[in-house]
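# Structural overview
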Amino acid sequence: MVRDVSFGQYFPGKSVVHRLDPRAKILLFIAFIVIIFCTFNYASLGLTAAFTALFLVLSRISPKFYFKSLKVILFIVIFTSLLNLFYGSGEPLWQWWVFRITVNGINRAVFVTVRIVCLILASSCLTFTTSPTELTDAIERLMKPLRVIRFPVHEIAMMMSLALRFVPTLLEETDKIMQAQKARGADMESGSLIKRVKALIPILIPLFVSAFRRAYDVATAMECRCYRGGAGRTRMKQIHMAKRDAAAFVLLALVIGGVILCNIFLEGLI
């Protein structure tokens with residue numbers, strides 16, 4: 001299961017999405033989060049799903065990595081969908097005890113499922129096509145106006161980047177610890193729920209020790225390189241907006257306009 005987690009990884013490439021300015025990608029992602037929750041009928045929902053699929057195709061990342069990112073939250077998606085399916089309001093189409101299926105419940109289950117899937121795919125597309133260094137620079141540039149109120153912009157951006165950077169590393173470390181414990185005869189897949197939770201203790205303790213050790217090593221390495229925050233720092237790679245970024249914003253504006261029109265003129269399509 002741990003090996004299937006691909007969130008937080010970066011896959012170098014030369015696709016259109018890879019070459020987009022990281023600031024543009026972050027702004028597009030934030031705007032997409034707002035858009036996906038402003039879809040109130042199937043037409044607008046389908047439009048946002050098509051917009052997501054377009055960026056996945058343009059990223060030229062293998063679909064199996066996107067499926068891996070969905071596999072991790074599959075239980076959450078199914079559980080949330082079932083809650084919306086069986087506890088919808090309206091006239092029941094089927095009912096047993098406290099469980100009932102209504103048209104409203106079916107619609108809510110579909111909307112919740114598609115929204116969560118699109119959000120996970122969009123966030124995976126962002127991390128797959130943007131390196132941690134680019135994310136750090138982009139976040140710092142976008143939060144630069146907050147320096148007026150003495151907000152630690154650089155430090156926050158660095159912490160977010162380091163946390164994202166160590167997601168694959170910690171997952172790999174977890175897999176190694178699990179394999180080592182299984183080689184020593186540990187049983188983590190059978191027994192009651194309480195026994196399975198107790199079986200995770202020999203994994204969590206060395207994982208926390210390893211995480212703190214890595215954090216200490218990173219802090220030591222940064223001090224040895226005379227890291228003193230963002231004051232006076234320069235960047236080897238400068239980020240600049242280009243025509244492709246403007247085209248992406250135009251495409252986003254068209255999607256926003258399409259969602260608004262669908263919500264207004266196709267209000268009954270749900």
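This write-up is about the structure you can find in this document. Computed from a prediction, not measured in an experiment: that's the story for all the values here.

## Re the overall build of the protein
- Tallying secondary structure elements over the protein gives 10 helices and two strands in all.
- Listing the helices and strands of the protein from first to last along the sequence gives α-α-α-α-β-β-α-α-α-α-α-α.
- Taking the principal axes of its C-alpha atoms as reference, the protein extends roughly 65 × 60 × 40 Å.
- The proportion of buried residues among the 270 residues of the protein is 37%.
- When contacts within the protein are restricted to residue pairs at least 6 apart in sequence, those whose partners lie at least 24 apart make up 73%.

## Details of empty space enclosed by the protein
- Tallied over the full model, the rule gives one cavity of 30 Å³ or more.
- Size it by volume and the largest cavity reaches roughly 200 Å³.
- Lining the largest cavity are 13 residues, with Leu28, Phe29, Phe55, Ala122 and Cys125 sitting closest to its centre.
- When residues of the lining of the largest cavity are traced back to their parent elements, those giving at least two are helix H1 (22-36), helix H2 (42-59) and helix H5 (103-129).

## Notes on the pattern of salt bridges
- A complete count under the given rule lists four salt bridges for this structure.
- Residue Lys176 pairs with Glu172 through a salt bridge whose shortest N-O separation is 3.8 Å. With Lys176 and Glu172 both in helix H7 (residues 153-183), this residue pair falls four residues apart, about one helical turn.
- The partly exposed category is assigned to Glu172, whose relative accessible area is 47%.
- For the salt bridge of Arg214 with Glu173, the shortest nitrogen-to-oxygen distance reads 3.1 Å. Taken together, the residues span a long stretch of sequence, with Arg214 in helix H9 (residues 201-224) and Glu173 in helix H7 at a distance of 41 residues.
- Since its relative accessible area comes to 30%, Arg214 is described here as partly exposed.
- Take Glu173: its relative accessible area is 17%, and that puts it in the buried class.

## Digging into the state of the cysteines
- Applying the stated criterion to the full structure yields zero disulfides.
- Free cysteine: Cys118, not disulfide-bonded; nearest cysteine sulfur from Cys125 at 12 Å.
- Just so you know, Cys262 is unpaired, no disulfide at all, and the nearest cysteine sulfur is the one on Cys38, 13 Å from it.

## What about the environment of Leu170?
- Looking at the element boundaries, Leu170 is found in helix H7.
- In this structure Leu170 comes out as partly exposed when scored by relative accessible area, which is 29%.
- Once residues within four sequence positions are removed from consideration, Leu170 is found in contact with Leu207 and Ala211.

## Overview of the packing of aromatic side chains
- Counted according to the given criterion, the structure contains seven aromatic pairs.
- On the numbers, 5.1 Å between centres and 80° between planes, the contact of Phe11 with Phe128 is edge-to-face. With a gap of 117 residues between them, Phe11 in the segment before H1 and Phe128 in helix H5 connect regions that are remote in the sequence.
- Taking the relative accessible area as the measure of exposure, Phe128 reaches 0% and is therefore buried.
- Aromatic rings pair up to connect Phe11, Phe65, Tyr66 and Phe128 into one cluster.

Calculation criteria
Sequence order sets the numbering: in each chain, residues are counted from 1 along the sequence as written. A pLDDT threshold of at least 70 governs which residues receive local features in this predicted model, and a stricter bar of 80 or more applies before side-chain atom pairs are shown or counted, although totals over entire chains, interfaces and linings include all residues. Water and hydrogen atoms were dropped before computing side-chain values, which therefore reflect all heavy atoms in the structure. Only DSSP runs of H or I with at least four residues qualify as helices, and only runs of E with at least two residues qualify as strands; both kinds are numbered from the N terminus onward. For the exposure calls, accessible area comes from a 1.4 Å probe over protein chains only, and a residue counts as buried if that area is under 20% of its type's maximum, exposed if over 50%, partly exposed in between. What makes two residues a contact is simply this: any of their non-hydrogen atoms within 4.5 Å. As defined here, a cavity is a set of points on a 1 Å grid over the protein atoms alone where a 1.4 Å probe fits but cannot get out. A pocket is an open set with protein on both sides within 12 Å along at least five of seven lines, and residues line them when an atom is within 4 Å of a point. Grid points are joined across faces, edges and corners, and a volume is the space filled by probe spheres set on the points. A side-chain nitrogen of Lys or Arg and a carboxyl oxygen of Asp or Glu constitute a salt bridge if their distance falls within 4 Å. For the purposes of this analysis, a disulfide is any pair of cysteine sulfur atoms at a distance within 2.5 Å. Aromatic contacts are taken between Phe, Tyr and Trp rings whose centres are within 6.5 Å, Trp giving its six-membered ring; a plane angle under 30 degrees counts as stacked, one over 60 as edge-to-face, and the others as tilted.

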